[in-house]
Amino acid sequence: AYTPWEWHKPLFDYAQSLGLIAFSTPFDPTSVDFLEELGVPAYKIASFENADWPLLKKVAQTGKPVIMSTGAATLASIDEAVRVLR
């Protein structure tokens, strides 16, 4: 589901006030830039985005940890996604 960008900072601030770590799933390069401005500590990649190599490369360039969903992916696409991220 699409979470409006204006909701992110209040949600991240609230999570931090509770001692929680907040992160988000980018779906395009501009959302990576946006999340970098918020200082996210990690990224979550949706399984449908595992083949979006430009997105994966952009996320990898941040040097931050990545949690990658695999539910809609094949073993071959997971292998390739991991190679792109590395």
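Residues numbered from 1 in each chain as written. Predicted model: local features only at pLDDT ≥ 70, side-chain atom pairs only at ≥ 80, totals over all residues. Heavy atoms only, no water.

Trainee: Would you mind showing me how to read the packing of aromatic side chains here?
Mentor: Here a ring pair, both rings aromatic, is described through the centre-centre distance and the interplanar angle of the planes. In total, this model carries one aromatic pair according to the counting rule given. Seen in terms of ring centroids, W5 and F34 are 4.3 Å apart; in terms of plane orientation they differ by 15°. Their pairing is stacked. You can see W5 sitting in helix 1 (residues 5-17) and its partner F34 sitting in helix 2 (residues 29-38), a full 29 residues away along the chain. (Phe/Tyr/Trp six-rings, centres within 6.5 Å; stacked < 30°, edge-to-face > 60°. Helix = DSSP H or I, 4+ residues; strand = E, 2+ residues; numbered from the N terminus.)

Trainee: What should I look at first to understand helix 2 in this one?
Mentor: One full turn of an α-helix is made of 3.6 residues, so residues set three or four places apart face in the same direction. Buried residues of helix 2: S31, V32, F34 and L35, and no others. On an axial view of helix 2, the arc spanned by its buried residues comes to 165°, and they lie on one face. Positive backbone phi, at 75°, marks G39, one or two positions downstream of helix 2. (Buried < 20%, exposed > 50% of the residue type's maximum accessible area, 1.4 Å probe, protein only. Arc of directions from axis to C-beta.)

Trainee: Help me understand the packing of helix 2 against helix 3 (residues 53-60) in this model?
Mentor: When two helices pack together, you describe them by how their axes are tilted relative to each other and by the distance separating the axes. Where helix 2 contacts helix 3, the axes come no closer than 9 Å and their chain directions differ by 20°. Considering the angle they form, helix 2 stands roughly parallel to helix 3. Here helix 2 and helix 3 pass one another in a crossing that is right-handed. Contacts between helix 2 and helix 3 pair P29, V32 and D33 from the former with L55, K58 and V59 from the latter. Here the contact of helix 2 with helix 3 is built from residues that sort into four nonpolar, no polar and two charged. (Axes fitted to C-alpha atoms, helices over the stretch in contact; angles between N-to-C directions. Parallel < 35°, antiparallel > 145°, perpendicular 65-115°, else oblique. Left-handed = near helix turned anticlockwise from the far one by under 90°. Contact = heavy atoms within 4.5 Å. Nonpolar A, V, L, I, M, F, W, Y, C, P; charged D, E, K, R; others polar.)

Trainee: What is the right way to look at the nonpolar core in this model?
Mentor: In globular proteins that are soluble, nonpolar side chains generally tend to be buried together. Of all hydrophobic cores here, the largest spans 17 residues; its most connected members are L35, Y43, L56, V59 and M68. Contributions of two or more residues to this core are made by helix 1, helix 2, strand 1 (43-45), helix 3 and helix 4 (75-85). At four residues, the largest contribution of residues to this core is made by helix 4. Among residues more than four places away in sequence, those in contact with L56 are I45, E49, N50, A81, V84 and L85. (Core = buried A, V, L, I, M, F, W, Y, C linked by side-chain atoms within 4.5 Å.)

Trainee: Any chance you could explain the pattern of salt bridges here in plain terms?
Mentor: When charged atoms on two side chains of opposite charge get close, those side chains can pair. In the structure shown here, the tally under the stated rule is four salt bridges. For the salt bridge of E36 with K64, the shortest nitrogen-to-oxygen distance reads 3.0 Å. In this pair, E36 is assigned in helix 2 and K64 in the loop between helix 3 and strand 2 (66-68), connecting sequence segments 28 residues apart. Given a relative accessible area of 31%, E36 falls into the partly exposed group. For K64, a relative accessible area of 23% puts it in the partly exposed group. (Salt bridge = Lys/Arg side-chain N within 4 Å of Asp/Glu carboxyl O.)

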